[in-house]
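An overview of the molecular structure
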Amino acid sequence: MELTVVGSVALDTVETPHGRNEEGLGGAATFFSLAAANYVPVHMVAVVGEDFPNEHVGLLKSKNINTEGLETASGKTFRWAGRYHDDMNNRDTLDTQLNVFEQFHPKLPPKAQEAPFLFLANIHPALQLEVLDQSEAAFKGLDTMNLWIDTALDDLKKVLAQVDAVIINDSEVEDLTGQRNILKGAEAIMAMGPKTVVIKKGEHGCVLIQGDQRFVVPAFLLSDVVDPTGAGDSFAGGFMGSLAKEGNTDFDALRRAVVHGTVVASFACEAFGPDRIATITEKDIHQRFEAFRELCQF
Ligand code: AMP
């Protein structure tokens with residue numbers, strides 16, 4: 001089944017202990033789409049400025065990503081800059097320039113409206129609400145971040161009331177609910193609307209919770225983490241891609257989906273920006289999925 005994503009497409013400047021990548025292709029919708037397109041056709045809805053390199057659009061198109069909903073507006077592309085701490089698990093945001101996102105109102109082309117699966121990747125919750133008004137999706141997933149919890153909580157709560165699943169970091173759970181405990185935090189989020197909550201804990205893996213059902217998954221063990229930027233979005237892409245491919249969202253399908261998210265996210269960390277995630281194949285995913293099964297089995 002087809003999948004639509006709405007979120008940022010960016011030029012990212014990232015510093016990690018491995019080096020610096022200046023104005024490379026980034027953005028939540030970019031990483032998400034590159035991951036999800038390994039599973040199903042993806043419709044990307046976003047905006048870039050006139051300065052956005054054509055080669056990046058070419059890359060997305062070459063990966064089974066429908067860019068009909070990728071608007072080019074006058075002005076500059078969204079920019080984000082971040083620096084990772086030595087532990088590679090924490091980072092500081094150095095700069096966020098909304099640029100063309102300040103005037104953006106997402107317009108979903110007909111096929112993007114009709115797609116049965118929708119993911120609201122990281123953008124202002126007011127824009128996520130505009131997307132919900134246009135979508136006919138039966139299953140809707142959501143990502144957000146501390147910035148919106150701190151500055152746009154009312155809109156974010158309206159979005160939460162309308163989605164089926166939320167994928168969120170442990171620190172964001174605490175910001176949103178005041179709860180440090182993952183189970184209490186998940187309960188508080190489920191009370192806001194979504195039936196399913198996936199809480200990511202960086203290199204420590206993730207927890208899937210739906211009602212009183214729980215599933216815990218470690219992260220895939222990597223010896224070299226080069227740049228974790230986009231790992232969360234790639235996780236979401238693998239998760240939603242797996243669900244859309246199965247056309248099923250019961251708890252067993254959700255369990256498989258978080259493993260796919262984990263496996264795909266691990267590729268994203270192996271090179272700067274989308275350099276690795278853009279080159280993976282279904283075979284790479286399958287091999288790592290089996291290696292992961294071996295890693296966790298006892
Ligand atoms: P992740 O590492 O999965 O949390 O995602 C990193 C990506 O999110 C980067 O490529 C950024 O361009 C993008 N990003 C960072 N801040 C924002 C924001 N405020 N709105 C939308 N996208 C953002």
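Residues numbered from 1 in each chain as written. Predicted model: local features only at pLDDT ≥ 70, side-chain atom pairs only at ≥ 80, totals over all residues. Heavy atoms only, no water.

Each helix and strand in the protein chain was counted, giving 11 helices and 13 strands. The C-alpha atoms of the protein chain give 17 Å as radius of gyration, which agrees with the globular expectation for 298 residues (19 Å, within 12%). If one aligns the C-alpha atoms of the protein chain with their principal axes, the spans along those axes are about 55 × 40 × 35 Å. By residue count, 55% of the 298 residues in the protein chain fall in the buried class. Taking contacts inside the protein chain between residues at least 6 apart in sequence as the whole, the part at least 24 apart equals 64%. As presented, the protein chain carries roughly 12,900 Å² of accessible surface, and 46% of it is formed by carbon and sulfur atoms. Between the averaged position of the 25 positive side-chain charges in the protein chain and that of its 43 negative side-chain charges there is a distance of 4 Å. (Helix = DSSP H or I, 4+ residues; strand = E, 2+ residues; numbered from the N terminus. Rg over C-alpha atoms; globule rule 2.2 N^0.38 Å. Buried < 20%, exposed > 50% of the residue type's maximum accessible area, 1.4 Å probe, protein only. Contact = heavy atoms within 4.5 Å. Areas by Shrake-Rupley, 256 points an atom, 1.4 Å probe, with all protein chains shown as cover. Lys, Arg positive; Asp, Glu negative; His and termini not counted. Charge placed at Lys NZ, Arg CZ, Asp CG, Glu CD.)

Right, let's get into the packing of aromatic side chains. Inspection of every chain in the model, using the stated rule, returns six aromatic pairs. When the ring of Phe 101 is compared with that of Phe 104, the centres are 5.4 Å apart and the planes differ by 80 degrees; the resulting orientation is edge-to-face. Pairwise contacts between aromatic rings join Phe 78, Phe 101 and Phe 104 into one cluster. Stacked on the ring of Phe 267, the Lys or Arg Arg 288 has its end atom at 3.9 Å from the ring centre. (Phe/Tyr/Trp six-rings, centres within 6.5 Å; stacked < 30°, edge-to-face > 60°. Lys NZ or Arg CZ within 6 Å of the ring centre and 35° of its normal.)

Let us look at the sheet that holds strand S2 (residues 10-16). Reading across from one edge, S3-S2-S6-S7 is the order of the four strands in this open sheet, with mixed pairing throughout. Pairing within the sheet leaves two strands with one partner each, and these edge strands are strand S3 (19-26) and strand S7 (91-97). Adjacent strand axes in the sheet meet at a mean angle of 15 degrees, parallel and antiparallel pairs treated alike. With six bridges connecting them, strand S6 (residues 79-84) and S7 associate as antiparallel partners. Residue pairing across strands places Ala 81 opposite Asp 95, the latter belonging to S7. (Pairing = 2+ DSSP bridges. Axes fitted to C-alpha atoms, helices over the stretch in contact; angles between N-to-C directions.)

What follows concerns the site of the ligand. In the neighbourhood of the ligand, 19 residues make up the surrounding shell, with Ser 8, Asp 12, Gly 27, Gly 230 and Asp 233 lying closest. One nitrogen or oxygen atom from the side chain of Ser 8 is found 2.8 Å from a nitrogen atom belonging to the ligand. Note that an oxygen atom of the ligand is positioned 2.4 Å from one of the side-chain N or O atoms of Asp 12. In isolation the ligand offers 510 Å² of accessible surface; the protein chains occlude 91% of this area. (Near = heavy atom within 4 Å. Polar contact = N/O pair within 3.5 Å; in protein donor to acceptor, adjacent residues only side chain to side chain.)

What follows concerns the layout of surface pockets. Counted as a void, the second largest pocket has a volume near 270 Å³. Forming the boundary of the second largest pocket are 13 residues, of which Phe 215, Val 259, Phe 292, Arg 293 and Cys 296 lie nearest the centre. Of all the secondary-structure elements, those providing two or more residues to the lining of the second largest pocket are strand S13 (213-217), helix H10 (251-268) and helix H11 (282-296). A class-by-class count of the residues in the lining of the second largest pocket yields eight nonpolar, one polar and four charged. (1 Å grid on protein atoms, 1.4 Å probe; cavity = no way out; pocket = protein on both sides within 12 Å on 5 of 7 lines; lining within 4 Å. Points joined across faces, edges and corners; volume = space filled by probe spheres on them. Nonpolar A, V, L, I, M, F, W, Y, C, P; charged D, E, K, R; others polar.)

Take helix H6 (residues 153-160) next. All of the buried residues in H6 are Leu 156, Val 159 and Leu 160. Buried residues of H6, viewed axially, fall in a sector of 100 degrees; they line one side. (Arc of directions from axis to C-beta.)

With that settled, consider the pattern of salt bridges. For the coordinates displayed, the defined rule picks out 13 salt bridges. Where Glu 23 meets Arg 79, a salt bridge forms, and the shortest distance between an N and an O atom there is 2.8 Å. Here the residue Glu 23 occupies a position in strand S3, and Arg 79 occupies one in strand S6, the gap between them amounting to 56 residues. Of the charged contacts in the structure, one is a salt bridge between Lys 107 and Glu 71, with a shortest N-O distance of 3.4 Å. With Lys 107 in the loop between S7 and helix H3 (110-114) and Glu 71 in strand S5 (residues 65-72), this pair connects stretches of sequence that are 36 residues apart. Since its relative accessible area comes to 29%, Glu 71 is described here as partly exposed. Three or more residues are tied together by salt bridges with common partners; here these are Glu 15, Arg 20, Glu 22 and Arg 83. (Salt bridge = Lys/Arg side-chain N within 4 Å of Asp/Glu carboxyl O.)

Empty pockets left among the atoms are what a rolling probe the size of a water molecule brings to light. Enumeration according to the criterion identifies two cavities of 30 Å³ or more in this entry. If you add up the space inside the largest cavity, you get close to 40 Å³. If you list the elements that add at least two residues to the lining of the largest cavity, you get S2 and S3. The biggest single contributor to the lining of the largest cavity is S3, with four residues. When the residues that make up the lining of the largest cavity are grouped by side-chain class, the tally is three nonpolar, five polar and two charged. Roughly 30 Å³ of volume is contained in the second largest cavity. If you go around the second largest cavity, the residues you meet are His 43, Met 44, Val 45, Asn 66, Glu 68, Gly 69, Pro 109 and Ala 112.

Further remarks concern the side chain of Lys 200. Its location among the elements puts Lys 200 in strand S11 (residues 196-200). Not counting residues within four places of it along the chain, the set of residues in contact with Lys 200 comprises Asp 143, Ile 167, Ile 168, Asn 169, Asp 170, Gly 205, Cys 206, Gly 232 and Phe 235.

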